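# Structural features, examined
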Amino acid sequence: PGPVGGPGGARGVTGPGGGAAAGTVRAVVALVVSPLTASDNSATLWSATGPLAGPHIGHAATALGDGRVLVTGGLTGFGPTSAPSIKSAEIFDPRTGTWTPVAPMPAARAYHGAYLMGDGQVLVIGGRDQKTLLQEVDVYNPASNSWHAVASPRHPRTGDQLVRLPAGRILAAYGTTDGTATAEAYDPVSNVWNEIRSPSAVRAGGHYVLPADEHRS
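First, a word on what this report is: a plain description of the structure on this page. (Residues numbered from 1 in each chain as written. Predicted model: local features only at pLDDT ≥ 70, side-chain atom pairs only at ≥ 80, totals over all residues. Heavy atoms only, no water.)

Here the focus is the overall build of the chain. Within the chain, the secondary structure is distributed over zero helices and 18 strands. Taken across its 217 residues, the chain has 46% of its residues classed as buried. Looking at the chain alone, contacts between residues at least 24 apart form 46% of all its contacts between residues at least 6 apart. Total accessible area on the chain is roughly 10500 Å²; 56% of this is exposed by carbon and sulfur atoms. (Helix = DSSP H or I, 4+ residues; strand = E, 2+ residues; numbered from the N terminus. Buried < 20%, exposed > 50% of the residue type's maximum accessible area, 1.4 Å probe, protein only. Contact = heavy atoms within 4.5 Å. Areas by Shrake-Rupley, 256 points an atom, 1.4 Å probe, with all protein chains shown as cover.)

This is the structure:
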């Protein structure tokens, strides 16, 4: 099952069970775990939800402000024959256990980053569409069920994670695809990306932890 991330999102496989050799996914299911029973080994921790509209592999999952979960993009197959990336997006409602298709992304992408911004919108960055590496950044508005483009960073990124910096900026580092170690910060107010001091090494799929005393807007 695909993981569900917090503000920074998470990537994984939702809808396992297909034959890897054929590169297809035959089961479209999701599982949820109850935090209330996670410490009780005698309790049932996992339960099945309703089925998704379609499979997602290498997608991003982002917890929305109202408790629902947005799943974006990914691939429809895996294995030796990689499937094309997809534009589709779905929202899971834990109150009903159901998935609802929402407006598709403007561009198909997989292995992208996704982040819940302070205003409740979700920023989606980078990733790839088969062999094409993406720089484009799109923002999803759950209130209007719509997408709009914002400024793109200088470097395409895939396998990236995002973290909120003080004053509401968003850091994108690692995951670069041109062989260089770079970091950029996005300011949603001015819609501008600025390069900042580069990390010491090139990494993909990195994770960030912001110290507790830095969690302020």
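That was the structure; now back to the text.
With antiparallel pairing, four strands are arranged side by side in an open sheet as β9-β10-β13-β14. The open sheet terminates on both sides in strands that have one partner only, identified here as β9 (113-116) and β14 (146-150). With direction set aside, neighbouring strand axes in the sheet form an average angle of 25°. Here five bridges tie strand β13 (residues 137-141) to β14, and the two strands are oriented antiparallel to one another. Within the sheet, the bridge partner assigned to Tyr-140 lies in β14 and is Trp-147. (Pairing = 2+ DSSP bridges. Axes fitted to C-alpha atoms, helices over the stretch in contact; angles between N-to-C directions.)

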